Amino acid sequence: MADRPLKGLRVVELARILAGPWIGQTLADLGAEVIKVESPGGDDTRRWGPPFIERPLPDGGTERVAAYFHCANRGKSSVTCDFGDPDDLARLKALIAEADVVIENFRPGQLARFGLDYDSLSAENPGLVYASVTGFGQDGPRARQPGYDFMIQGMTGIMDLTGDPQGEPQKVGVAWIDIFTGLYGVIGIQAALAERAASGRGQQVDLSLMDCGTAVLANQAANFLLGGSTPSRLGNAHPNIVPYQVFPAADGHLIIACGNDRQFAALCDVLGLDCAQDPRFRENAGRVANREALIAAMSEATRAWAKSGLIDALTAVGVPGGPINSVAEALDDPQIRARGLRITPEGIAGLRSPVRFSRSDSISDRAAPVLGSGNWGFSG
């Protein structure tokens, strides 16, 4: 197995909570050396429990840290720094002078007081790639406002598209925009590093939760921008594809997701329906226009099946169908186990990066760090 792709990359993480640390964890999984710089009290998510994980310390004591912290900080080392302490600040600036990347998620202007802003640091390290994660970006009327994922989900429209049409808007069950911002951050950093290889110069990467949450509205944004009408909540239905939703079964519910007319015809054969020959339903546009009549007929047919039997019958004819798993069921799925998504670095259970390479490793054998357990220099 070859070395991980980003071996030798030096990263200083001045970030806490989720979006910024997700960038750092992903870079660490890909081989970068990531030093997480925490306040003396540590990243807030160390206390975001229960559940908590207790593990022994070299001095004979124990550390009690929330599971939340462990989900986003694997593979890093940790040092503590009081920005108000001149000695701590000098050590931090010396560390950054040898770094390739800085990740920070302070509001615009906050780090300038300590000389930790991009302009100050790049004057000493012109090749520095400096990723700034904020709620609203480095400019614009909301730039200095704080922003959390939940609030941004509301502001970007995703909550207005999620949930029962007759109920209240719903957030996604994980901090979805934080995660997307973290992944866009990795993309932006790698792009800036690639450009640096040609120019020799670093740059600032400006990442906004609101920008990222809006950018991934995808087809729903296109439906509005090009179609002219505001999308609305459809529960588990799809605005552009029918049938593509949850259906009832004799023993619960399952998902059927037909993406083309061939799959729809095969589905109708399995269910014993003649809908594929009906001119109202033969093509997807007609199925969208006549959604209610088609779904009523299909639901009556699916209620006669047990979930597992119908899923097996659909799989046999190439129609996507699947169960609605709990998190426990999903993590116990034979496919997830076969792909090795579940890992236990240093005995602490977690999920590895989903990126796999034909030659390079992408699995960290290091758990999230004990607060302040690292050193102030890069290992290289």
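Residues numbered from 1 in each chain as written. Predicted model: local features only at pLDDT ≥ 70, side-chain atom pairs only at ≥ 80, totals over all residues. Heavy atoms only, no water.

Colleague: Just to check I follow, could you spell out the overall build of the protein chain for this structure?
Modeller: Along the backbone of the protein chain there are 14 helices and 13 strands. Projecting the C-alpha coordinates of the protein chain onto the three principal axes gives extents of approximately 75 × 50 × 40 Å. Taking all 380 residues of the protein chain together, the buried fraction comes to 43%. Within the protein chain, counting contacts between residues at least 6 apart in sequence, those at least 24 apart form 67% of the total. One way to put it: in the protein chain the 35 positive side-chain charges average out to a point 1 Å from where the 44 negative ones average out. (Helix = DSSP H or I, 4+ residues; strand = E, 2+ residues; numbered from the N terminus. Buried < 20%, exposed > 50% of the residue type's maximum accessible area, 1.4 Å probe, protein only. Contact = heavy atoms within 4.5 Å. Lys, Arg positive; Asp, Glu negative; His and termini not counted. Charge placed at Lys NZ, Arg CZ, Asp CG, Glu CD.)

Colleague: Would you take a moment to explain the sheet that holds strand β11 (residues 321-322) for this structure?
Modeller: Each strand in a sheet pairs with another by means of backbone hydrogen bonds, the pair being arranged parallel or else antiparallel. Strand order in the open sheet formed by three strands is β9-β10-β11, and the pairing between neighbours is antiparallel. Here the strands that pair on one side only, and so sit at the sheet edges, are β9 (244-249) and β11. Sheet topology places β9 next to strand β10 (residues 252-257); six bridges connect them, and they run antiparallel. Looking at β10, one finds that P248 is bridged to H253. In the packing of helix α11 (residues 291-302) onto the sheet, the strands contacted are β9 and β10, and the crossing angle to β9 comes to about 40°. (Pairing = 2+ DSSP bridges. Axes fitted to C-alpha atoms, helices over the stretch in contact; angles between N-to-C directions.)

Colleague: Would you mind going over helix α6 (residues 176-199) with me for this structure?
Modeller: When the terminal C-alpha atoms of α6 are compared, their 34 Å separation across 24 residues agrees well with the 34 Å that a helix rising 1.5 Å per residue should span. Of all the residues in α6, the buried ones are W176, I177, D178, T181, G182, G185, V186, G188, I189, A192 and L193. Contacts made by the buried residues of α6 are with α1 (19-29), β6 (101-104), β7 (129-134), α5 (149-156), β8 (204-208) and α7 (209-215). Looking one or two residues past α6, G200 carries a phi angle of roughly 80°, positive in sign. (Expected span 1.5 Å × (residues − 1).)

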